[in-house]
Number of protein chains: 2
Amino acid sequence: MTAPLPQGAVIGILGGGQLGRMLSVAASRLGYVTHIYEPGAAPAAQVAQACTTAGYDDTAALDAFARSVDVITYEFENVPAAALDLLEQARPIRPGVRALAVSQDRLDEKTFLEGLGLRCAPFRAVDDLASLRAALDVIGMPGILKTRRLGYDGKGQVRIDDAADAEAAWAAMEGQDAILEGFVDFAREVSVIAARGLDGQVVCYDPGENVHRGGILRTTTVPATLSTAQRTDAALLAGRILNALDYVGVLGVELFVTSDGLIVNEIAPRVHNSGHWTQAGCAVDQFEQHIRAVAGLPLGDGGRYADVVMENLIGDDMNRLPDLLAAPATQVHLYGKAEVRPGRKMGHVNRIRRG
Amino acid sequence: MTAPLPQGAVIGILGGGQLGRMLSVAASRLGYVTHIYEPGAAPAAQVAQACTTAGYDDTAALDAFARSVDVITYEFENVPAAALDLLEQARPIRPGVRALAVSQDRLDEKTFLEGLGLRCAPFRAVDDLASLRAALDVIGMPGILKTRRLGYDGKGQVRIDDAADAEAAWAAMEGQDAILEGFVDFAREVSVIAARGLDGQVVCYDPGENVHRGGILRTTTVPATLSTAQRTDAALLAGRILNALDYVGVLGVELFVTSDGLIVNEIAPRVHNSGHWTQAGCAVDQFEQHIRAVAGLPLGDGGRYADVVMENLIGDDMNRLPDLLAAPATQVHLYGKAEVRPGRKMGHVNRIRRG
């Protein structure tokens, strides 16, 4: 057994965006201090004790960072593997490197999930034009061709509606290994935010129902429209993923709800935008739950005591701020980003309805 | 009209304890950064962008601090007047200096409150032994002799049960001007946390019912045991105080509930320990409400959507942490103080019941 981190211990956070920022605040509630590592601008540093501004290839900075903290976690899944290897020699990384590796590669992720007996959209590995044509024959159209490694905001993704599009789609991958995924006919998308403690304890938040627009999450609503059986299924499958990865921390699982049951869209080995509603609806929110796990504390009560609609504030949504600040039962969370840009997540609001 | 502070503006906070810490976190939620000024250890600095460690007599440090921020607020009412005068020349101080002056002197405070038509415990100014004896004749016994200027934790306070104690009680004042207060026969103590915006808007949180032990607040419970009329009276009197002081920010008003109505015990021109429950029960908590006012934003919705019991963690209460962290519906807030000391506020918990 590992003892919980003592009061005053330092939690290192890779990534200085809004998730790192809210993790840092949660760490402070538990008596911990944080050290952010971020190559670029770091709004998280505004509420952290320390911030290292350096690249993930700066081994001296990585080493000094690791030695200055007691445990390391991260706010995003694209941390380069070489940096992780170096950091892991000095301090524990939670969630573990395996969870990151699996989620960094779409093919590995889906293979892992199917290996657990979970259902995903149909998929095939695509290494060249010939294997793309073969995959289209099996999976049918429309399909979506994606690079295996993660891209941001729909980059590295091409929809294929016609076999004649195959050549252009493959060219768009620019030689990177890819995966062809079939479309799923779903009624709605939900996500489960679940956590696993250092002692193996698993807890799940109530699933939230997500609405995306232009590839970006717009709203998450709790409670989601789900049957009791679907709710149970969602919790069970999240628990299966957490246990299989020997996971420590919070994990987001996006699910398609279909007439045939739940299909896993993707997993994120970190706190997740669709879990922001927990700040207004639960005694212990997802950020604190993550810190509790990473610090070896018992997980907290994530029971929901209010109905909440979370809405992201994206780009020019910031112009609505005066109205949102004055709106009833509305919690505003801004991310401290210097510049408003189209498509950029600037903040979110949680609208509370009594539970 | 003064425009609201823009995103990224800097709020200066005098005092780096737990109140400053939670104010700093609230400021971050609204897109502001904070700069703490604190002569001693500053747990607030762990979640602030900057911290000046200097005394309130360090005019160079005060001046540099003031020039580095856009507006100044404070977490405690004992800021020396000379420091305030200096700071106010450079930047607005909210709440204003008048609120601080009134609350720094018990005689001024009670005189101010009675001038508003509010009821206080009977009191008389005491400048020497003769005026103490005269005051005891009018007010009766038991009475409590206090220095006019604020003391901490019951220091500078002596209870007088017998006229023979008068000489020793006066000696304990060590020559400082004092005030004799009569005891109030009260059923319970409640407090109202209220806020006034830069535009004069006033909002009130639901009153909380307080239990003290050894002169330290132990618990605050919402809803308090109050009639509808008492609830209205409490809100109205808080509003009267806020308006009379042309106040900007959050104010705590401690009230005795008696068979004859509400009697004002004392006011605190700042966020207040008895308002910590708002973190779990309201969309906008007292810390954010204060920052909104100070920043010139519209006040937020302080409506209560859950029942909450706030309990302070004092000194060795920290030994109960493992149980508290695992307790259902319990939110733990720790203050990041390095050392546990008897009587020291180390954190608090909010236990949530559905509203």
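Residues numbered from 1 in each chain as written. Chains lettered and ligands numbered in written order. Predicted model: local features only at pLDDT ≥ 70, side-chain atom pairs only at ≥ 80, totals over all residues. Heavy atoms only, no water.

## As for the pairing of strand β15 (residues 306-314) of chain A
One face of the sheet, then the other: side chains in a regular strand alternate in exactly this way. All names here are of chain A. What counts here: Think of it in three bands: with a 1.4 Å probe and only protein chains considered, a residue is buried below 20% of the maximum accessible area for its type, exposed above 50%, and partly exposed in between. Strands are runs of DSSP state E lasting at least two residues, helices are runs of H or I lasting at least four, and both sets are numbered from the N terminus onward. Here the rule is simple: two strands pair whenever DSSP picks up at least two bridges between them.
Within β15, eight of the nine residues are buried, leaving the element largely enclosed by the surrounding structure. Relative to β15, strand β12 (residues 216-222) runs antiparallel, the two sharing four bridges. When the sheet's bridge partners are listed, Thr 221 is paired in β15 with Val 309.

## Remarks on the pairing of strand β2 (residues 33-37) of chain B
All names here are of chain B. Quick note on the threshold: Whether a crossover is right-handed comes down to one check: with the strands pointing away from the viewer, does the path from the first strand over the helix to the second run clockwise; if it does, it is right-handed.
Counting buried residues in β2 gives five out of five residues, a clear majority hidden from the surface. Of the two faces of β2, the one lined by Val 33, His 35 and Tyr 37 and the one lined by Thr 34 and Ile 36 are each fully buried. With respect to chirality, the unit in which strand β1 (residues 10-14) leads through helix α1 (residues 18-29) into the neighbouring parallel β2 is right-handed. Looking at chain direction, β2 and strand β3 (residues 50-52) are connected through three bridges and run parallel. Counted as the bridge partner of Tyr 37 is Thr 52 from β3.

## Focus on the relation of the copies chain A and chain B
These two copies of the chain differ by a rotation about an axis and a displacement along the same axis. Rules: All copies are superposed by least squares; the fitting set is the C-alpha atoms of residues with a pLDDT of at least 70 in both. Any two residues whose heavy atoms approach within 4.5 Å are treated as being in contact.
Each copy superposes on the other: chain A lies on chain B with an RMSD of 0.0 Å after a rotation of 180° and an axial shift of 0.0 Å. In the structure described here, the two chain copies are related by an operation that fits a two-fold rotation axis. Ranked by how close their C-alpha atoms come to the rotation axis, the residues of chain A are headed by Val 47 of chain A, at 2.0 Å. Take the interface residues of chain A: 100% of them recur as interface residues in chain B, which is what a same-surface contact looks like.

## A look at the environment of Ala 54 of chain A
Residues and elements named next belong to chain A. Tracing the sequence through the fold places Ala 54 in the loop between β3 (50-52) and α2 (59-67). Along the chain, Ala 54 and Pro 39 lie 15 residues apart, while their C-alpha atoms are 4.5 Å from each other. Apart from residues no more than four positions distant in its own chain, Ala 54 is found in contact with Tyr 37, Glu 38, Pro 39 and Ala 61.

## Focus on the domain arrangement of chain A
Residue and element names in this part refer to chain A. This is how the line gets drawn: An automatic or database domain assignment supplies the start and end points of every domain. Here the quantity called buried area is the total loss of accessible area, with a 1.4 Å probe, experienced by two parts when brought into contact, counted for both. By convention in these notes, a salt bridge is any Lys or Arg side-chain nitrogen within 4 Å of a carboxyl oxygen on Asp or Glu. Polar contacts, as used here, are pairs of N or O atoms within 3.5 Å; protein pairs need one atom able to donate a hydrogen and one able to accept it. Residues neighboring in sequence count only if both atoms are side-chain atoms.
The domain architecture assigned to chain A consists of domain 1 (10-93), domain 2 (122-182) and domain 3 (188-354). Computed over C-alpha atoms, the centres of domain 1 and domain 3 are 22 Å apart. Between domain 1 and domain 3, the contact holds 19 residues from the first and 21 residues from the second. A combined buried area of about 1800 Å² lies between domain 1 and domain 3, and 66% of that area is made up of carbon and sulfur atoms. When the area that domain 1 buries against domain 3 is broken down by residue, the three leading residues are Gln 18, Met 22 and Leu 30, summing to 29%. For the pair domain 1 and domain 3, the interface holds three salt bridges. Two residues, Glu 288 and Arg 29, come together in a salt bridge whose shortest N-O distance is 3.2 Å. If you look at where domain 1 meets domain 3, you find seven residue pairs in polar contact (both at pLDDT 80 or more). Top contributing element to the side of domain 1 that touches domain 3 by residue count: helix α1 (residues 18-29), with eight residues.

## Focus: the interface of chain A and chain B
We apply this condition: Basically, the charged four are Asp, Glu, Lys and Arg, the nonpolar ten are Ala, Val, Leu, Ile, Met, Phe, Trp, Tyr, Cys and Pro, and anything else, Gly included, counts as polar.
Every contact between the two is made by 43 residues of chain A and, on the other side, 43 residues of chain B. Both sides together, the interface formed by chain A and chain B hides about 3200 Å², and carbon and sulfur atoms give 55% of it. Going through the elements one at a time, α1, α10 (286-295), α11 (321-326), β16 (330-334) and β17 (345-354) of chain A are the ones with two or more residues in the side of chain A that touches chain B. Here the element with the most residues in the side of chain A that touches chain B is β16 of chain A; it accounts for five residues. A breakdown of the residues in the side of chain A that touches chain B according to their chemical character gives 25 nonpolar, eleven polar and seven charged.

## Brief notes about helix α4 (residues 97-104) of chain B
Among the residues of α4 of chain B, Ala 99, Leu 100, Val 102, Ser 103 and Gln 104 of chain B are the ones counted as buried. The inward-facing, buried residues of α4 of chain B contact β4 (71-74), α3 (81-90), α5 (106-115) and β14 (261-268) of chain B.

## Quick word on the environment of Asp 206 of chain A
All names here are of chain A. Within the fold, Asp 206 resides in the loop between β10 (202-204) and β11 (208-213). Sequence spacing of Asp 206 and Thr 278 is 72 residues, and the spatial spacing of their C-alpha atoms is 9.2 Å. When neighbours within four sequence positions are excluded, Asp 206 is seen to be in contact with Val 222, Pro 223, Arg 231, Trp 277 and Arg 304. In terms of polar contacts, Asp 206 uses its side chain to reach the side chain of Arg 231, at 2.9 Å. At 2.9 Å, the side chain of Asp 206 forms a polar contact with the side chain of Arg 304.

## Here's the deal with the packing of aromatic side chains
Each aromatic ring pair is described using two quantities: the centre-to-centre distance and the angle formed by the ring planes. Put simply, the rule reads: We call Phe, Tyr and Trp rings a pair once their centres come within 6.5 Å, taking the six-membered ring for Trp, and we label the pair stacked below 30 degrees between planes, edge-to-face above 60, and tilted otherwise.
Evaluated as defined, the whole model comprises eleven aromatic pairs over all chains. Ring centres 5.8 Å apart and planes at 10° place the aromatic pair Tyr 305 of chain A and Tyr 305 of chain B in the stacked group. On the criterion of chain membership, the pair formed by Tyr 305 of chain A in the loop between α10 and β15 and Tyr 305 of chain B in the loop between α10 (286-295) and β15 (306-314) is interchain, its members lying in two chains. On the accessibility criterion, Tyr 305 of chain B (9% relative accessible area) is buried. Ring centres of Tyr 56 of chain B and Phe 76 of chain B lie 5.9 Å apart, and the angle between their planes is 45°; on these two criteria the pair is classed as tilted. Note that Tyr 56 of chain B is positioned in the loop between β3 and α2 (59-67) and Phe 76 of chain B in the loop between β4 and α3, a separation of 20 residues in sequence.

## So, the nonpolar core
Under the convention used in this document: Think of a nonpolar core as a cluster: buried Ala, Val, Leu, Ile, Met, Phe, Trp, Tyr and Cys residues, connected wherever their side-chain atoms sit within 4.5 Å.
Ile 11, Tyr 32 and Ile 291 of chain A together with Ile 11, Tyr 32 and Ile 291 of chain B are the most contacted members of the largest nonpolar core, which totals 102 residues. Apart from the residues within four sequence positions on either side, Tyr 32 of chain B is in contact with Leu 5, Pro 6, Gln 7, Gly 8, Ala 9, Ile 11, Ala 27, Ile 291, Ala 295 and Leu 297 of chain B. Listed in part, the 26 residues of the second largest apolar core include Val 190, Val 192, Tyr 247 and Val 253 of chain A.

## Some thoughts on the environment of Asp 63 of chain B
All names here are of chain B. Among the structural elements, Asp 63 can be located in helix α2. Distance in space between the C-alpha atoms of Asp 63 and Ala 90 is 7.6 Å, their sequence separation being 27 residues. One polar contact links Asp 63 to Arg 67, side chain to side chain, over a distance of 2.9 Å.

## Topic: the sheet that holds strand β5 (residues 123-126) of chain B
The strands making up a sheet associate through backbone hydrogen bonding, with each pair oriented either parallel or antiparallel. Residues and elements named next belong to chain B. Short version of the rule: The axes used here are C-alpha line fits, helices contributing only the stretch in contact, and every angle between their N-to-C directions lies in the interval 0 to 180 degrees.
Spatially, the four strands line up as an open sheet ordered β5-β8-β6-β7, and their pairing is antiparallel. Only two strands of the sheet have a single partner each, and these edge strands are β5 and β7 (157-160). Taking each pair of neighbouring strands and ignoring which way they run, the sheet shows an average axis angle of 25°. Pairing geometry for strand β6 (residues 143-147) and strand β8 (residues 178-182), over five bridges, is antiparallel. Pairing of Thr 147 across the sheet is with Ala 178, part of β8. Along the sheet face, helix α6 (residues 129-139) touches β5, β6, β7 and β8 and points at about 170° away from the line of β5.

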